[in-house]
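Residues per chain, in single letters:
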Amino acid sequence: VENKERITSEIEQVMSRKKEAESRLLAALDEVRAQTEESIAKSLLEWKEDQKKREKEFMANKVMKVRKATLAALQPELQRLLDNQRIEIDQLGQEEETKLKYSSYEAQSNHETRISEYRTDSENQKTLLAARRKDEWTEQIASTCCKRA
């Protein structure tokens, strides 16, 4: 009986230690589970943030590539437009230069025409003056001859 009580007591002690060990094990498991969940949540959050950053960088690279490709594609068209604009500017400059030359020629021609008209006028006035003097002289001679007669 004594042996039986001792064995029972030992079994109860073992069972008690087993329960304490299970309890400590469950507490440790709960703590490990909580730490693991926290670590996983933190890692997941970091991964999501990194993923957003990678996506932004990826999109920024895509946008940059598209911009470069667009600029490269538009380069010949832009160059053609610039060349056409330069040609138009040169043509306008030549037209303006031609207009100025013609204006200058026209002004010079008008000036020469006026000078010619003034010369003709002057010659006509000289001729008229000479004719008047001749008429006056003829009248004087006639009046002198008439007085003598």
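So, here is what we can say about the structure in this document. Keep in mind that this is a model prediction, so the values were computed, not measured.

## Concerning the overall build of the protein
At step 1: A count of helical and extended segments in the protein gives one helix and zero strands.
At step 2: In summary, the protein has a C-alpha radius of gyration of 61 Å against a globular reference of 15 Å for 149 residues, an excess of more than 25%.
At step 3: By its C-alpha atoms, the protein is 210 × 30 × 5 Å across when sized along the principal axes.
At step 4: Out of the 149 residues in the protein, the part that is buried amounts to 0%.
At step 5: With an accessible surface of roughly 14300 Å², the protein has 56% of that area assigned to carbon and sulfur atoms.
At step 6: Across the protein, the mean location of the 29 positive side-chain charges is 4 Å away from that of the 30 negative side-chain charges.

## Thoughts on the pattern of salt bridges
At step 1: Considering all chains together, one arrives at seven salt bridges under this definition.
At step 2: Of the charged contacts in the structure, one is a salt bridge between K18 and E22, with a shortest N-O distance of 3.9 Å. Remark: E22 and K18 occur in helix α1 (residues 2-148); sequence separation between them is four residues, near one turn of the helix.

## Side note on the environment of D83
At step 1: Turning to its location among the elements, D83 is positioned in helix α1.
At step 2: Taking the relative accessible area as the measure of exposure, D83 reaches 32% and is therefore partly exposed.
At step 3: Each C-alpha atom, one on D83 and one on S103, is 30 Å from the other, the two residues being 20 residues apart in sequence.

Rules behind the numbers
Residues numbered from 1 in each chain as written. Predicted model: local features only at pLDDT ≥ 70, side-chain atom pairs only at ≥ 80, totals over all residues. Heavy atoms only, no water. Helix = DSSP H or I, 4+ residues; strand = E, 2+ residues; numbered from the N terminus. Rg over C-alpha atoms; globule rule 2.2 N^0.38 Å. Buried < 20%, exposed > 50% of the residue type's maximum accessible area, 1.4 Å probe, protein only. Areas by Shrake-Rupley, 256 points an atom, 1.4 Å probe, with all protein chains shown as cover. Lys, Arg positive; Asp, Glu negative; His and termini not counted. Charge placed at Lys NZ, Arg CZ, Asp CG, Glu CD. Salt bridge = Lys/Arg side-chain N within 4 Å of Asp/Glu carboxyl O.

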